[in-house]
Amino acid sequence: MQQFFSDLWTSFEKTFIYDDRWKFFLDGLLATLRIAFFAALLGILLGFLVAAVRSTYDMRQQSGKRALRFGDVIIKILNVICNVYITVIRGTPAVIQVMIMYFIVFANSRNKELAAVLSFGINSGAYVAEIVRSGIMSIDKGQFEASRSLGFNYTSTMYHIILPQAFKNILPALGNEFIVLVKETSVAAYVGIAELTYVGNLIRSRTYEAFFPLIAVALIYLVIVLLLTFLLKKLERRLRSSDH
Amino acid sequence: MTTDREVLIEVQGLQKSFGELHVLKGIDAEIRRGDVMVVVGASGSGKSTFLRCLNLLEHPTGGTITFEGVNITDPSVNINLHRQKMGMVFQQFNLFPHKTVLKNMTLGPTKLLHQSKAQAEKHAIELLERVGLADKANAYPNQLSGGQKQRVAIVRALAMNPDVMLFDEPTSALDPEMVGEVLEVMKQLAREGMTMVVVTHEMGFAREVGSQIVFVDEGVIKERSNPKDFFENPQNPRLKDFLSKVL
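Residues numbered from 1 in each chain as written. Chains lettered and ligands numbered in written order. Predicted model: local features only at pLDDT ≥ 70, side-chain atom pairs only at ≥ 80, totals over all residues. Heavy atoms only, no water.

K.L.:
Could you give me a rundown of the interface of chain B and chain A, with the residues and numbers involved?
P.N.:
The partner chain A presents 27 residues to the 32 residues of chain B that form the contact. Both faces combined, the contact of chain B with chain A buries some 2,500 Å², and carbon together with sulfur accounts for 56% of it. Of all residues in chain B, the largest losses of buried area upon contact with chain A belong to B:His59, B:Phe96 and B:His98, amounting jointly to 22% of the total for that side. Our count for the contact surface shared by chain B and chain A stands at one salt bridge. The residue B:Arg52 makes a salt bridge to A:Glu145 at a minimum N-O spacing of 2.6 Å. When contributions to the side of chain B that touches chain A are tallied by element, the ones reaching two or more residues are strand 4 (62-67), helix 2 (79-83), strand 6 (86-89) and helix 3 (101-111) of chain B. Per-element accounting of the side of chain B that touches chain A gives the leading share, three residues, to helix 3 of chain B. Tallied by class, the residues present in the side of chain B that touches chain A amount to 13 nonpolar, 13 polar and six charged. (Contact = heavy atoms within 4.5 Å. Buried area = accessible area lost by both parts, 1.4 Å probe. Salt bridge = Lys/Arg side-chain N within 4 Å of Asp/Glu carboxyl O. Helix = DSSP H or I, 4+ residues; strand = E, 2+ residues; numbered from the N terminus. Nonpolar A, V, L, I, M, F, W, Y, C, P; charged D, E, K, R; others polar.)

K.L.:
Describe the packing of helix 5 (residues 112-138) of chain A against helix 7 (residues 154-184) of chain A, listing the residues and the values that go with them.
P.N.:
Residues and elements named next belong to chain A. Where helix 5 contacts helix 7, the axes come no closer than 8 Å and their chain directions differ by 145°. The two elements helix 5 and helix 7 meet at a crossing, and its hand is right-handed. Across from Phe120, Asn123, Ser124, Tyr127, Val128, Ile131, Val132, Ser134, Gly135, Ile136 and Ser138 in helix 5, the residues of helix 7 making contact are Met158, Ile162, Leu163, Ala166, Asn169, Ile170, Ala173, Leu174, Glu177, Leu181 and Glu184. (Axes fitted to C-alpha atoms, helices over the stretch in contact; angles between N-to-C directions. Left-handed = near helix turned anticlockwise from the far one by under 90°.)

K.L.:
Talk me through the sheet that holds strand 5 (residues 70-71) of chain B; I want residue IDs and the actual numbers.
P.N.:
Residues and elements named next belong to chain B. With antiparallel pairing, four strands are arranged side by side in an open sheet as 2-1-4-5. The open sheet is flanked by strand 2 (21-32) and strand 5, the only strands paired with a single partner. Contacts between helix 1 (residues 47-54) and the sheet are confined to strand 1 (7-18), strand 2 and strand 4, with strand 1 contributing the most and set at about 120° to the helix. (Pairing = 2+ DSSP bridges.)

K.L.:
How would you sum up the pairing of strand 2 of chain B? Please name residues and give values.
P.N.:
Two faces belong to every sheet, and in a regular strand the side chains alternate between them. All names here are of chain B. Across nine bridges, strand 1 lies against strand 2 in antiparallel orientation. Bridge assignment links glutamate 10 to a residue of strand 2, and that residue is glutamate 30. The turn linking strand 1 back onto strand 2 is made up of two residues, and glycine 19 within it adopts a positive phi angle of 60°.

K.L.:
A description of the packing of aromatic side chains should follow, citing residues and the corresponding values.
P.N.:
Applying the stated criterion to the full structure yields twelve aromatic pairs over all chains. Between A:Phe16 and A:Phe212, the aromatic rings sit 6.2 Å apart at their centres with planes inclined by 70°, giving edge-to-face as the arrangement. In this pair, A:Phe16 is assigned in helix 1 (residues 2-17) and A:Phe212 in helix 9 (residues 211-240), connecting sequence segments 196 residues apart. Both residues of the pair, A:Phe16 and A:Phe212, count as buried. Ring pairs connect the aromatic residues A:Trp9, A:Phe12, A:Phe16, A:Phe25, A:Phe211 and A:Phe212, which therefore count as one cluster. Across from the ring centre of B:Phe18, 4.9 Å away, lies the NZ or CZ of B:Lys16, which sits over that ring. The positively charged end of B:Arg207 is found above the aromatic ring belonging to B:Phe231, 4.7 Å away from the centroid. (Phe/Tyr/Trp six-rings, centres within 6.5 Å; stacked < 30°, edge-to-face > 60°. Buried < 20%, exposed > 50% of the residue type's maximum accessible area, 1.4 Å probe, protein only. Lys NZ or Arg CZ within 6 Å of the ring centre and 35° of its normal.)

Right, here's the structure in full:
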């Protein structure tokens, strides 16, 4: 029994304490958080832009205006680009996307983390776009008409009336997307970016001990996700307080 | 009917198709300042589409609509500016659920007419008082009954100081006991001289406050006259048939 605990301690010591290895985990954690945070920002930005284009296109199709204007042509072209983007991103594995970004696009660059941020941000954007679009489509058409009948243009209607309501509806789905995104950054380990998963695996290979490094990494991810879930719940409750 | 009042809306040869479906097949109408035009007809006759074309919520496929001297069907016209002068009330109220009654009413005046917040709120409260809902200023739409919602929707449109009010079956989604309170507000508006175009099934309202009544059927206006002739001496056989069913 005593032997078991002393072995466990040795293993723990090798994983975390010897050579200040806990610092590796900390650095890995910070890298994961940086990548996830900036990728999420990029994902939101791209997602909203793409959703705006796609929704605008859909609404223009429905309105049945008589004259085809210059703006319609632009929107049509943008819509095609957005469709291709969503199809390609959703249709290929994230690992391949990261590898393409890292080995092809960033072949001559040393900025590994930027490659990861761009790759996951672009990936997330495609999913966010569809979530946002579903939110916009979930708002009753009457809301749009009421706003337009007051004299608001399309953009103001989106800003004041549609998006605030849509955002409330899509918050759970968006939260889910960000949770997936945080965990998906572990894919970056595949191309050797020193984030959390990579660090865990590295320590495992140095210590020949699999238990502590991998369990530690798993627990850290779990804590991040729990924290994120907590924050999202709080935000959801605050948004709902204006809703009676 | 006097004819020397200014023509506010002139509709000429209005057509609207939804794909293969030809809903409006050439409608002419003239609405003068102070008119209360009541549009009646069976469901599917095109009367709502006609109303929704007036502020271009539906884009006509043919014909012209001239509002205050401007052909608003011209694609180069900025319709948003003209819509500010045309209030609209919907069957489903369409209040903004994420905003209080007061915010619903001040959003347009502050953002579009550039009124100060205080000015817009003062006007909004005055309007709410007129329809007996001043105590609901800080309520959210979901806390109101159907009749209250529709009265708020009416004053939200009035807060923009429109020149004409368009009503699209304003009482059709209401419980019967709430129809009266909404019609009362509309009658009061009519008495104050507001120009109104009303699509409705309320024949009592049409008879009482309508200055001209039009019967829309199969995408055209089959009959138009003053309330007395319309109800007591209808000419068109389809109208006779319609009246026999609804009266």
